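The lines below spell out each chain.
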Amino acid sequence: MVLLVRRGRKPLILPKEQQSSDSPSLPSVTFEEAVTTVNNLVFTQKRRYLSEAEIVVLKGAWNSQDFSEIIAQQTTYAGNYLQRRVAPQLWTLLSEVLGEPVIKRKARFLLEQAVRKYSNSDLSSDINSEGSGSIKGQPPDTSVFYGRKQELLQLKKLISDYRCVPITGVPGIGKSTLSAKLLSDISLESSQKFDFLIWKSITHPVPIQDLVADLIKLIHPIEPSIVLPDQTQAIITVLIKHLHSHRCLVVLDGFEALFRASNLEQRLEYKILIRRLLEEEHQSRFILNCRVFPSDLNTVLKYKQAITCFRLEGLDTESARQLLTDQGLTDQDKLLDIIYTYRGNVAELQAVAQRIKYFFAGSAEKFYQHKTTFITDEFQSMLDETFSEVLTPLERYIMVYLAERISLDVSFLSFNNLLIEINSQYDNSASTSTIIKALENLERFSLVESMKDPNTKEISFTLQPVVKKYITQNSLGLLPANAFPSPANAS
Ligand SMILES: Nc1ncnc2c1ncn2[C@@H]1O[C@H](COP(=O)(O)OP(=O)(O)OP(=O)(O)O)[C@@H](O)[C@H]1O
Ligand SMILES: [Mg+2]
């Protein structure tokens, strides 16, 4: 048996009798085998695959059809385009990769020869390692990676069960790094489940046509001369077709940036994209990295069979301790305090470790004698944006109230007390349901933390030190002037 690996698919097993070369008694070579061989050769030498248009022309040549017959059999490409643009370039390409002049009339004979010649070569292993196993796009480096064994296992399970897995979590917690590591691990697995592993970073709200066109190009490089449809629904249809014929794992990093568009229509189009990815038939998977799941998409969460959110928390204590030790910090028992203060947030831990190293010669003990809490720039700007643009006045009030109560006398404030106190002090207008909804929203943004008493099951709330520090530094500016009494002055 000889294995020929088709692009990202199961190996094609050639029958034994086809393995000897040039025998006149050989059974005929099929067109699919010919395309597989040529695709392997083109990929090995040119680092690209045959385009759909080239395959259409090749098939016509294989069947000895003239161009009018080829054109009549397909409706995707204009005749002129196939005949004048695609065909001449294709013959040049094939001449280069087969090492002898290829013209339409001779194409079938030469392709059959190539199948016999190359079916015993190691082209297949080359394309397997370079093609389906490699990651398209530029994920962050994960050569230094701590912990997350559990999370990687959970994510692998989730992407086998769900089409779409949003990973949410505060800035710096490690969403991008974790999903990059997931791609890297999957790319090294011998039983490759995906044809393509794709990383796409999103930094600003690009038009949907651009994003979809980029994804299509990553899945299937096509000539720039092929014009994708402009219309949103049509271009999404093309993407889904590709996601159906190739099993892709796509990470959209910074996904929520798409929903920062002030343009309502653009946000609606992205909602349609996600809805169609969840509803329509294809075999691909999406990981959506976002700090907070965009509220525009709340309604798609009803597709419970297809989408499930994964909330990423901080690094486990042992891995975080290892990270801090590797950064040069000493005094092991104080390291635990640092890890707890920053809730295992990797970016925050790295930032504080650098300062302890620089100012306190790496001694966590000395640092604790002058205890302070740092906020990274990313965290600070996330809090600035959330407080100024996203939270309602009631939500801001609850945050400031919690920060003051926690600073004064309690580490956790029970829901019952919070309800009574906010109810009586916040302008006398907050109903129980609005307070509950406000707390739910604050939890969604990872701004408040909750804990359930194991015995009474009563829920209590607190703030992580970084958030508390932000509020106490800023509390007056966070409440609209004269809107209601400051929590400290409220009776
Ligand atoms: N498991 C890990 N091992 C080693 N370093 C990590 C790990 N997780 C995160 N980091 C490091 O922490 C920093 C922040 O991680 P990352 O960029 O993945 O966070 P994020 O959650 O994607 O943040 P943002 O919301 O700002 O995009 C990076 O410098 C990254 O290298
Ligand atoms: Mg990130």
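Look up: the structure comes first, before these words.
Residue positions are given per chain, counting from 1 as you read along its sequence in written order. Note on labels: chains are lettered from A, ligands numbered from 1, in written order. Thresholds applied to this predicted model are a pLDDT of at least 70 for local features of residues and 80 or more for the giving and counting of side-chain atom pairs; totals over whole chains, interfaces and linings are not thresholded and use all residues. The basis for the side-chain values is all heavy atoms of the structure; hydrogens and waters are excluded.

Peer 1: Which parts of the structure should I look at to understand unusual backbone geometry?
Peer 2: Leaving glycine aside, a negative phi is the common case for residues, and trans is the common case for peptide bonds. The residue Arg 343 is not glycine, and still its phi comes out positive at about 50 degrees. Mapped onto the fold, Arg 343 is located in the loop between helix 13 (332–341) and helix 14 (346–359). Its identity as a non-glycine residue notwithstanding, Lys 457 has a phi of 65 degrees, on the positive side. Every helix listed is a DSSP run of H or I at least four residues long, and every strand listed is a run of E at least two residues long, numbered separately from the N terminus.

Peer 1: Sorry, what's going on with the site of ligand 1 here?
Peer 2: A cutoff of 4 Å decides nearness: a residue is near a molecule or strand if any of its heavy atoms lies inside that distance of it. Tyr 146, Lys 175, Ser 176, Thr 177 and Arg 291 are the nearest of the 17 residues found near ligand 1. Identification of polar contacts relies on pairs of N or O atoms within 3.5 Å, with a donor-acceptor requirement for protein atoms, meaning one able to donate a hydrogen and the other able to accept it, and with residues adjacent in sequence counted only if both atoms are side-chain atoms. Within the contact set of ligand 1, an oxygen atom lies 2.5 Å away from a side-chain nitrogen or oxygen of Thr 177. Here an oxygen atom of ligand 1 sits 3.5 Å away from a polar atom, N or O, in the side chain of Gln 350. The accessible surface values rely on the Shrake-Rupley method and a 1.4 Å probe; as for residues, cover is taken only from the protein chains in view. The protein chains hide 77% of the 630 Å² of surface that ligand 1 would expose on its own. Of all the secondary structure elements, the ones that give two or more residues to the shell around ligand 1 are helix 8 (175–188) and helix 14. Inspection of the shell around ligand 1 shows a minimum of three residues originating in each of domain 2 (135–311) and domain 3 (317–372). Note that the domain bounds were set by an automatic or database domain assignment.

Peer 1: Help me out: how do you make sense of helix 13 in this one?
Peer 2: Residues separated by three or four positions in an α-helix point in the same direction, a consequence of the helix having 3.6 residues per turn. Three exposure classes are used, based on accessible area relative to the maximum for each residue type with a 1.4 Å probe and protein chains only: buried under 20%, partly exposed in between, and exposed over 50%. What helix 13 keeps buried is the set Leu 335, Ile 338, Ile 339 and Thr 341. Projection of helix 13 onto a plane perpendicular to its axis shows the buried side chains occupying an angular sector of 160 degrees, all on one side. Among the exposed residues of helix 13, those pointing more than 90 degrees away from its buried face are Asp 333 and Tyr 340. Looking one or two residues beyond helix 13, the residue adopting positive phi is Arg 343, at roughly 50 degrees. The directions considered for the arc run from the helix axis to the C-beta atoms.

Peer 1: Is there a simple way to explain the pattern of salt bridges in this structure?
Peer 2: For side chains bearing opposite charge, pairing can occur when the charged atoms are close. Whenever a carboxyl oxygen of Asp or Glu lies within 4 Å of a side-chain nitrogen of Lys or Arg, that contact is scored as a salt bridge. A complete count under the given rule lists 14 salt bridges for this structure. One salt bridge in this structure joins Glu 112 and Arg 108, with 3.2 Å as the shortest N-O distance. Of this pair, Glu 112 and Arg 108 both sit in helix 5 (residues 107–118), four residues apart, which is roughly one turn of the helix. With relative accessibility at 15%, the residue Glu 112 sits in the buried group. A residue is classified by how much of its surface remains accessible, and Arg 108, at 31% relative accessible area, is partly exposed.

Peer 1: Just checking my understanding: could you explain the packing of helix 10 (residues 232–245) against helix 11 (residues 264–279) for this structure?
Peer 2: Helices that pack against each other are described as a pair by the angle of their axes relative to one another and the distance between those axes. Running from amino to carboxyl end, helix 10 crosses helix 11 at an angle of 30 degrees, the nearest separation of the two axes being 11 Å. It follows that helix 10 is roughly parallel to helix 11 by the angle criterion. In terms of crossing hand, the pair formed by helix 10 and helix 11 is right-handed. Taking contact as the criterion, the partners of Thr 232, Gln 233, Ile 236, Thr 237, Leu 239, Ile 240 and Leu 243 in helix 10 are, on helix 11, Glu 269, Ile 272, Leu 273, Arg 276 and Leu 277. In the contact of helix 10 with helix 11, the residues fall into seven nonpolar, three polar and two charged. Between the N-to-C directions of two axes lies an angle of 0 to 180 degrees, each axis being a line fitted to C-alpha atoms and, for a helix, fitted only over the stretch in contact. Roughly parallel means an angle under 35 degrees; roughly antiparallel means over 145; roughly perpendicular covers 65 to 115; every other angle is labelled oblique. Each helix crossing is assigned a hand: it is left-handed if the near helix lies turned anticlockwise from the far helix by less than a right angle, otherwise right-handed if that turn is clockwise. Contacts are assigned to residue pairs with any non-hydrogen atoms lying within 4.5 Å of each other. Under this grouping Gly is polar, as are all residues other than the nonpolar Ala, Val, Leu, Ile, Met, Phe, Trp, Tyr, Cys and Pro and the charged Asp, Glu, Lys and Arg.

Peer 1: What should I look at first to understand the packing of aromatic side chains in this one?
Peer 2: In this description, an aromatic ring pair is defined by two values, namely the gap between the centres and the angle between the planes. Stacked, tilted and edge-to-face are the three classes assigned to paired rings of Phe, Tyr and Trp, where Trp is represented by its six-membered ring and a pair needs centres within 6.5 Å; plane angles under 30 degrees give stacked, over 60 edge-to-face, the rest tilted. A complete count under the given rule lists nine aromatic pairs for this structure. Within the aromatic cluster, the residues linked to one another by ring pairs are Phe 360, Phe 367, Tyr 368 and Phe 374. The ring centre of Tyr 340 lies 4.4 Å from the NZ or CZ of Arg 343, which sits over that ring. A cation sits over an aromatic face here: Arg 355 above Phe 374, 4.4 Å from the ring centre. A ring has a charge above it when a Lys NZ or an Arg CZ is no more than 6 Å from the ring centre and no more than 35 degrees off the ring normal.

Peer 1: What is the right way to read the nonpolar core from this model?
Peer 2: Grouped burial of nonpolar side chains is what soluble globular proteins tend to show. Counting residues in hydrophobic clusters, the biggest one holds 75 residues, and the most contacted among them are Ile 338, Met 399 and Ile 471. For this core, the element with the most residues is helix 17 (residues 393–408), which contributes nine residues. Filtering out sequence-adjacent residues up to four positions away, Met 399 remains in contact with Phe 387, Leu 391, Leu 442, Leu 447, Val 448, Leu 463, Val 467 and Ile 471. Throughout this description, the term nonpolar core refers to a set of buried Ala, Val, Leu, Ile, Met, Phe, Trp, Tyr and Cys residues connected via side-chain atoms within 4.5 Å. Phe 196, Ile 202, Phe 259 and Tyr 270 belong to the second-largest nonpolar core, a separate cluster that totals 39 residues.

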